[in-house]
Amino acid sequence: MTEAPSRASLPPALTTEEAAELAARHGLRTLSERPPLGRYLKDLWQRRSFIWTLSAAESYAKNEDNRLGQVWAVLNPALLILSYFAIFGLLLGTREGVDNFVGFLSIGVVMFSFTSTVVTRGAKAITGNLGLVRGLHFPRAILPISVMVSEFLAVLPAFGLLFVLMFATGERPDWEWLLFPVAVVLQGVALLGVAFIAARLMNISRDLGNLIPVIVRLLRYCSGVFFPVVHYAQNLPAAAETAVVYQPFALMLSLGRQSLLGGEDNAVVPGDWLLMAAWAASLAVVGLVIFWWDEARYGRG
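Residues numbered from 1 in each chain as written. Predicted model: local features only at pLDDT ≥ 70, side-chain atom pairs only at ≥ 80, totals over all residues. Heavy atoms only, no water.

1. Points about the overall build of the protein
Stage number 1. Assigned secondary structure in the protein consists of 13 helices and 0 strands.
Stage number 2. Looking at the protein as a whole, 43% of its 301 residues are labelled buried.
Stage number 3. Put simply, 78% of the contacts in the protein that link residues at least 6 apart link residues at least 24 apart.
Stage number 4. For the protein, the exposed surface amounts to about 16800 Å²; the carbon and sulfur share of it is 64%. (Helix = DSSP H or I, 4+ residues; strand = E, 2+ residues; numbered from the N terminus. Buried < 20%, exposed > 50% of the residue type's maximum accessible area, 1.4 Å probe, protein only. Contact = heavy atoms within 4.5 Å. Areas by Shrake-Rupley, 256 points an atom, 1.4 Å probe, with all protein chains shown as cover.)

2. A few points about helix α12 (residues 248-260)
Stage number 1. For α12, which comprises 13 residues, the first-to-last C-alpha distance of 19 Å matches the rise-based estimate of 18 Å (1.5 Å per residue) to within 8%.
Stage number 2. Along α12, the residues that are buried comprise Pro248, Phe249, Ala250, Leu251, Met252, Leu253, Leu255, Gly256, Arg257, Gln258, Ser259 and Leu260.
Stage number 3. In this structure, the buried side of α12 is in contact with α5 (101-123), α7 (142-168), α8 (180-204), α9 (212-222), α11 (238-245) and α13 (270-293). (Expected span 1.5 Å × (residues − 1).)

3. Some words on the pattern of salt bridges
It is possible for side chains bearing opposite charge to pair when their charged atoms get close.
Stage number 1. Under the defined criterion, the tally for this structure stands at 4 salt bridges.
Stage number 2. In this structure, Arg200 engages Asp294 in a salt bridge whose closest nitrogen and oxygen atoms are separated by 3.3 Å. You can see Arg200 sitting in helix α8 and its partner Asp294 sitting in the segment after α13, a full 94 residues away along the chain.
Stage number 3. Arg200 sits in the buried class, given a relative accessible area of 15%.
Stage number 4. Two residues, Arg297 and Asp294, come together in a salt bridge whose shortest N-O distance is 3.3 Å.
Stage number 5. The class for Asp294 is buried, based on a relative accessible area of 4%.
Stage number 6. Put simply, Glu58, Arg121 and Glu151 are held in one network by salt bridges that share partners. (Salt bridge = Lys/Arg side-chain N within 4 Å of Asp/Glu carboxyl O.)

4. Here's the deal with the packing of α8 against α13
Stage number 1. As a packed pair, α8 and α13 sit with axes 7 Å apart at the nearest point and diverge in direction by 30°. If you check the angle between α8 and α13, you find them roughly parallel. For the crossing formed where α8 meets α13, the hand is left-handed. Within the contact between the two elements, α8 uses Val182, Ala183, Leu186, Val189, Ala190, Gly193, Val194, Phe196, Ile197, Ala199 and Arg200 and α13 uses Trp273, Met276, Ala277, Ala280, Leu283, Ala284, Gly287, Leu288, Ile290, Phe291 and Trp293.
Stage number 2. A class-by-class count of the residues in the contact of α8 with α13 yields 19 nonpolar, 2 polar and 1 charged. (Axes fitted to C-alpha atoms, helices over the stretch in contact; angles between N-to-C directions. Parallel < 35°, antiparallel > 145°, perpendicular 65-115°, else oblique. Left-handed = near helix turned anticlockwise from the far one by under 90°. Nonpolar A, V, L, I, M, F, W, Y, C, P; charged D, E, K, R; others polar.)

5. Digging into a nonpolar patch on the surface
Stage number 1. A cluster of nonpolar residues, Leu201, Ile204, Leu208, Leu211 and Ile215, forms a patch on the protein surface that exposes about 440 Å² of accessible area.
Stage number 2. Among the structural elements, Ile204 can be located in helix α8. (Patch = residues over 30% accessible without salt bridge, like charges linked within 9 Å, V, L, I, M, F, W, Y side chains within 5 Å.)

6. Some words on the nonpolar core
Note on soluble globular proteins: their nonpolar side chains tend to be buried together.
Stage number 1. Formed by 72 residues in total, the largest nonpolar core has its most connected members in Phe159 and Phe291.
Stage number 2. Of all elements in the fold, only α2 (37-46), α4 (72-91), α5, α7, α8, α9, α12 and α13 reach the threshold of two or more residues within this core.
Stage number 3. Ignoring any residue separated from it by four or fewer positions in sequence, one finds Phe159 in contact with Val110, Met111, Phe114, Phe180 and Val184. (Core = buried A, V, L, I, M, F, W, Y, C linked by side-chain atoms within 4.5 Å.)

7. Overview of the side chain of Ser259
Stage number 1. Note that Ser259 resides in helix α12.
Stage number 2. On the basis of relative accessible area, Ser259 is assigned to the buried category, the value being 1%.
Stage number 3. Setting aside anything within four residues of it in sequence, one finds Ser259 in contact with Glu176, Trp177, Leu179, Phe180, Ala183 and Trp273.

8. Structural notes on the packing of aromatic side chains
Stage number 1. In this structure the tally under the stated criterion is 13 aromatic pairs.
Stage number 2. Here Phe85 and Phe101 contribute two aromatic rings whose centre-to-centre distance is 6.0 Å and whose plane-to-plane angle is 45°, an arrangement assigned as tilted. With a gap of 16 residues between them, Phe85 in helix α4 and Phe101 in helix α5 connect regions that are remote in the sequence.
Stage number 3. A relative accessible area of 5% places Phe101 in the buried class.
Stage number 4. When the ring of Phe163 is compared with that of Phe180, the centres are 5.6 Å apart and the planes differ by 90°; the resulting orientation is edge-to-face. A residue pair is termed long-range when its members are at least 10 positions apart, and Phe163 in helix α7 and Phe180 in helix α8 qualify at 17 residues.
Stage number 5. In this structure Phe163 comes out as partly exposed when scored by relative accessible area, which is 27%.
Stage number 6. By the ring-pair criterion, three or more aromatic residues cluster together here, those being Phe114, Phe152, Phe159, Phe163, Phe167, Trp177 and Phe180. (Phe/Tyr/Trp six-rings, centres within 6.5 Å; stacked < 30°, edge-to-face > 60°.)

9. A short note on the packing of α5 against α12
How two helices pack is summed up by the angle between their axes together with the distance between the axes.
Stage number 1. Between α5 and α12, whose axes approach to 9 Å, the crossing angle comes to 135°. Considering their axes alone, α5 and α12 lie oblique with respect to each other. The element α5 and its partner α12 pack so that their crossing is right-handed. Along the contact surface, α5 presents Phe104, Ile107, Gly108, Met111, Phe112 and Thr115, while α12 presents Phe249, Met252, Leu253, Gly256, Arg257 and Leu260.
Stage number 2. The class makeup of the residues in the contact of α5 with α12 is 8 nonpolar, 3 polar and 1 charged.

10. Focus: the environment of Trp175
Stage number 1. Tracing the chain through its elements places Trp175 in the loop between α7 and α8.
Stage number 2. Sequence separation between Trp175 and Ser259 is 84 residues; the distance between their C-alpha atoms is 8.5 Å.

Shape descriptors only; they carry no functional weight alone.
The structure is reproduced here in structure tokens:
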């Protein structure tokens, strides 16, 4: 009778501490753990290529199914400007006191469209991608970041349209035009912070998503898209006037107009740029921390 082959002895089981040390050595961690903020930022930086690829694909896909394709990236803002000019410029007469109302309105419409899409899509960055969140392990901040970057890429043709309209309405290149990219960058950084906060709140309660369109609509009228907000805010108490004129969504438009429009009413005000820089940095940092704090709970509700 043959003897059964002897089994190789199994290695001793790891203790909890040894297993944790082995996982840490290979960069592994449990899904329910919120990583330290420094490591979280490092993980985001290491995935920058993925963020860019995802953002570029989402941006291109917005108009891919249309017969005119990417031409709609210019047609949409052009039609919006035309319709708003008919309503606010001709019908309601808000162009009084504005030297170049078409240029003024164009900057407001295009820059605020960037704001509205980032806020609206950013709020759904987690809840709208639950399959991805639950199926793959990655820093969840990638999703709000990709929203902001994809919308930035999508609005670039509209920014090009702005320069064409500036020429068409009599504006001529000046050194202030070089400030427009700075204004857009500050806007994008600030909106990223808002997207972080909105995504965290939406993940807590999807009912808050019903408030997003209302908030965006309110901001559209309180930020001077269609008329100089300072002309109407001066009828408010001093504290309310300051709050309305210097809130970040109004400052975004002010900086764009200071960059591209001439005249004393649109002269570059260094204090406005410094304040917007402070808003952008504060919103981005606070928004990221608020979003990161709930990292381990995304997709588990």
